Amino acid sequence: MTDEVHPLDGNAAAGPLSRLFTSDVSGAVVVCGGCGREGAIATLALYGRDTGLVLRCPTCGTVNLRVLDTGPTIHLDLRGSVRMSVRLALD
Ligand SMILES: [Zn+2]
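What counts and how
Residues numbered from 1 in each chain as written. Predicted model: local features only at pLDDT ≥ 70, side-chain atom pairs only at ≥ 80, totals over all residues. Heavy atoms only, no water. Buried < 20%, exposed > 50% of the residue type's maximum accessible area, 1.4 Å probe, protein only. Helix = DSSP H or I, 4+ residues; strand = E, 2+ residues; numbered from the N terminus. Pairing = 2+ DSSP bridges. Axes fitted to C-alpha atoms, helices over the stretch in contact; angles between N-to-C directions. Donors = N, O, S within 2.8 Å, 3.2 Å for Na, K, Ca; no water. Tetrahedral: all angles 85-135°; square planar, octahedral: opposite > 155°, others 65-115°. Core = buried A, V, L, I, M, F, W, Y, C linked by side-chain atoms within 4.5 Å. Contact = heavy atoms within 4.5 Å.

Draft legend 1. Quick peek at the pairing of strand β5 (residues 52–56). Covered by surrounding structure in β5 are Leu-53 and Leu-55 only, the residues Gly-52, Val-54 and Arg-56 on the alternate face being uncovered. Here strand β4 (residues 45–49) runs beside β5; their pairing, made up of 5 bridges, is antiparallel. Residue pairing across strands places Leu-46 opposite Leu-55, the latter belonging to β5. The antiparallel hairpin formed by β4 and β5 contains 2 residues in its connecting segment, where Asp-50 sits at a positive phi of about 50 degrees.

And the structure:
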């Protein structure tokens, strides 16, 4: 028996992140601080559930995003990313 953990894709983070962002950020582009890969949040590897999410680069494994939702406060840690770009819907 192994203890191997299989991540979900980043699309599963859209629900928890919707508490923080008013638009759907699963299509937001993140540039990895480890390898420079540029891709949508939906393409990151998601570990964790509910209150604690960790999203890793599928290329190099660098943690690009951490989200801790304590209820009244949401903590967003982007230190593993160079940049996150969110395209807003225009009226
Ligand atoms: Zn990377």
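More follows now that the structure is in view.
Draft legend 2. Representation of the sheet that holds strand β8 (residues 81–85) within the structure. Strand order in the open sheet formed by 3 strands is β3-β2-β8, and the pairing between neighbours is antiparallel. Taken across any chain shown, the strands that pair with only one partner, and hence form the sheet edges, are β3 (38–40) and β8. Averaged over all adjacent pairs, the angle separating strand axes in this sheet is 20 degrees, with direction ignored. In the sheet, strand β2 (residues 29–32) pairs with β3 via 3 bridges, with the strands oriented antiparallel. Paired with Val-30 across the bridge in β3 is Gly-39.

Draft legend 3. Molecular detail of the coordination of the zinc ion. Binding of the zinc ion to the protein goes through Cys-32 (SG), Cys-35 (SG), Cys-57 (SG) and Cys-60 (SG), at separations of 2.3 to 2.4 Å. For the zinc ion, the 4 donor atoms in the first shell make angles of 102 to 114 degrees at the metal, a pattern classed as tetrahedral. For the zinc ion, all donor residues lie on one chain, and their spacing in sequence is C-x2-C-x21-C-x2-C. Judged by its relative accessible area of 38%, Cys-60 falls in the partly exposed class.

Draft legend 4. Fine view of the nonpolar core. Core analysis: the largest hydrophobic core is formed by 12 residues, namely Ala-13, Leu-17, Val-25, Ala-28, Val-30, Ile-41, Leu-44, Leu-46, Leu-53, Leu-55, Leu-65 and Val-67. Apart from residues no more than four positions distant in its own chain, Ala-13 is found in contact with Leu-46, Leu-53 and Leu-55.

Draft legend 5. Layout of the sheet that holds strand β1 (residues 8–9). An order of β1-β4-β5-β6-β7 is seen for the 5 strands of this open sheet, with the pairing classed as antiparallel. A single partner strand is all that each edge strand has here, and the edge strands are β1 and β7 (74–77).

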